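Read off the chains here:
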Amino acid sequence: MSNTIRIHSFPLSGHAQRAELFANLAGIAHDVINVDLAAGEHKEAPFLALNPAGQVPVLEDGDVVISDSNAILVYLARKYAPAFLPLDPELEAQVQKFLSLAAGEIAFGPCAARLITVFNAPLDADFAKATADKVLSKLEAHLIGREFLVGDSVTIADVAIYTYTAHAPEGNVSLEAYPNVRRFLTNVEALDGFKPMATTKAGLLA
C-alpha cells in the first residue's frame, strides 16, 4: 500500500472537513479522495472494506485504516503533530472533553440542524436548534478571555469544534448572540493552512 496519507472525504461533510482541516493546519502531506455520496459510493464494497459503517471520513496511512473524525484527529496529532495534543494530563483531559462535546451536543445540535436544511434529514429541527443554542452558550462562557479552547494555542479540540459551529447558520442557528464564539471562529480561520468547507445557501444563508 502507498505510504501517502489518503483522506476519503466529501466536500459538504463537516466531519470529513475536520480531518482535512487538521492535516492542512499541521502541514501533513495528504491526498483527498472525494467519495460520491449522492451516487451511493460509500455503500459499495470497495468503500465498505475501509469502513463497514459506510461513512466519511476514512484515513489510510500505509496499512493503517481509521474511521471516525475525532479518532483521525487523535491519530494524526499523536503520530505527526504532537503539539496539537498536549501531553500534560489536565490539558489532554480538556481536549478529550471537547472531542466528546463534538460527538455529542455539536453533533445533535448545529450538525443535525444543518443536516435538516442541507440534506433534508428526517430529524427534529426544534430539538436540534435548542441543543445548538445550549452548546453555543456553553462555548460562549468557556471562551471568555480565551483565544482557543484549551491552553494558549490551537489543539485538535479547536478543529473538532470549528466546522459545525461555523456552519451553524446553514441550519437556521444564528451566531449573533455569541461574540466570543465568533471571535474563536475568526482565530481558527486566521491560522496558517486554514482550509474552509464550502458554504451552502441554506437556512439563514438562503
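Higher on the page you've got the structure.
Residues numbered from 1 in each chain as written. Predicted model: local features only at pLDDT ≥ 70, side-chain atom pairs only at ≥ 80, totals over all residues. Heavy atoms only, no water.

Enquirer: Give me the environment of R78: which residues, what numbers.
Expert: With respect to the helices and strands, the residue R78 is situated in helix α3 (residues 69–80). Between the C-alpha atom of R78 and that of S137, which follows or precedes it by 59 residues, the distance is 30 Å. Look past the residues within four positions of R78 in its chain and what remains in contact with it is L85, P86, L87 and E92. Here the side chain of R78 touches L85 through a polar contact of 3.3 Å, landing on its backbone oxygen. (Helix = DSSP H or I, 4+ residues; strand = E, 2+ residues; numbered from the N terminus. Contact = heavy atoms within 4.5 Å. Polar contact = N/O pair within 3.5 Å; in protein donor to acceptor, adjacent residues only side chain to side chain.)

Enquirer: How would you summarise the packing of aromatic side chains if you had to cite specific residues and measurements?
Expert: Summed over the entire model, instances satisfying the criterion amount to 2 aromatic pairs. Ring geometry for F22 and F84: centres 5.0 Å apart, planes at 85 degrees, overall edge-to-face. Here F22 is found in helix α1 (residues 14–25), whereas its partner F84 is found in the loop between α3 and α4 (89–119), with 62 residues between them in sequence. Accessibility assignment for this pair places F22 and F84 in one class, buried. Here the aromatic rings of Y162 and F194 are separated by 5.5 Å at their centres, their planes lie at 85 degrees, and the arrangement is edge-to-face. (Phe/Tyr/Trp six-rings, centres within 6.5 Å; stacked < 30°, edge-to-face > 60°. Buried < 20%, exposed > 50% of the residue type's maximum accessible area, 1.4 Å probe, protein only.)

Enquirer: Could you give an account of the sheet that holds strand β1 (residues 6–9), with specific residues and numbers?
Expert: Read across the open sheet, the 4 strands follow the order β2-β1-β3-β4; overall the sheet is mixed. Strands with a single pairing partner mark the edges of an open sheet, and in this sheet they are β2 (31–34) and β4 (64–67). Direction aside, neighbouring strands of the sheet carry axes that sit 20 degrees apart on average. Where α1 meets the sheet, it contacts β1 and β2, and its direction lies at approximately 150 degrees from that of β1. (Pairing = 2+ DSSP bridges. Axes fitted to C-alpha atoms, helices over the stretch in contact; angles between N-to-C directions.)

Enquirer: Pulling in residues and values, what's your account of the packing of α1 against helix α6 (residues 156–166)?
Expert: Interhelical geometry of α1 versus α6 gives an angle of 135 degrees and a closest axis separation of 9 Å. As far as their axial angle goes, α6 and α1 are oblique. Read as a crossing pair, α1 and α6 show a hand that is right-handed. Of the residues in α6, those touching α1 at G14, H15, Q17, R18, L21, F22 and L25 are I156, V159, A160, Y162, T163 and Y164. Across the contact of α1 with α6, the residue classes tally to 8 nonpolar, 4 polar and 1 charged. (Parallel < 35°, antiparallel > 145°, perpendicular 65-115°, else oblique. Left-handed = near helix turned anticlockwise from the far one by under 90°. Nonpolar A, V, L, I, M, F, W, Y, C, P; charged D, E, K, R; others polar.)

Enquirer: Account for the nonpolar core, naming residues and giving values.
Expert: Core analysis: the biggest nonpolar cluster contains 54 residues, and F22, L76, F98, L139, L149, I156 and I161 have the highest contact counts within it. Of all elements in the fold, only α1, α3, α4, α5 (125–142), α6 and α7 (179–189) reach the threshold of two or more residues within this core. If one sorts the elements of this core by residue count, α4 sits on top with 10 residues. When sequence neighbours within four positions are dropped, the list of residues in contact with L139 reads F98, L101, I106, L149, I161, T165 and V181. (Core = buried A, V, L, I, M, F, W, Y, C linked by side-chain atoms within 4.5 Å.)

Enquirer: Mind laying out the packing of α5 against α7, listing which residues take part and the relevant values?
Expert: Contact geometry for α5 and α7: axes closest at 7 Å, N-to-C directions at 75 degrees. Compared by their axis directions, α5 and α7 come out roughly perpendicular. Residue-level contacts link L136, L139 and E140 of α5 to P179, N180 and V181 of α7. Residue composition of the contact of α5 with α7, by class: 4 nonpolar, 1 polar and 1 charged.

Enquirer: Describe the pairing of β1, and please don't skip the residues or the numbers.
Expert: Bridge analysis of β1 against β2 gives 4 bridges, and the strand direction is parallel. Looking across to β2, one finds that H8 is bridged to I33. In this view, the connection linking β1 to its parallel neighbour β2 by way of α1 has right-handed handedness. Two elements, β1 and strand β3 (residues 58–61), share 3 bridges in a ladder whose sense is antiparallel. (Right-handed = clockwise from strand over helix to strand, strands pointing away.)

Enquirer: Give me the lowdown on unusual backbone geometry, citing residues and values where you can.
Expert: Between V56 and the following residue, P57, the backbone shows a cis peptide bond with an omega angle of 5 degrees. Among the secondary structure elements, P57 is positioned in the loop between α2 (45–50) and β3. Positioned with a positive phi, D68 is a non-glycine residue whose angle comes to about 80 degrees. Inspection of the secondary structure assignment puts D68 in the loop between β4 and α3. Owing to a relative accessible area of 46%, D68 belongs among the partly exposed residues under this scheme.

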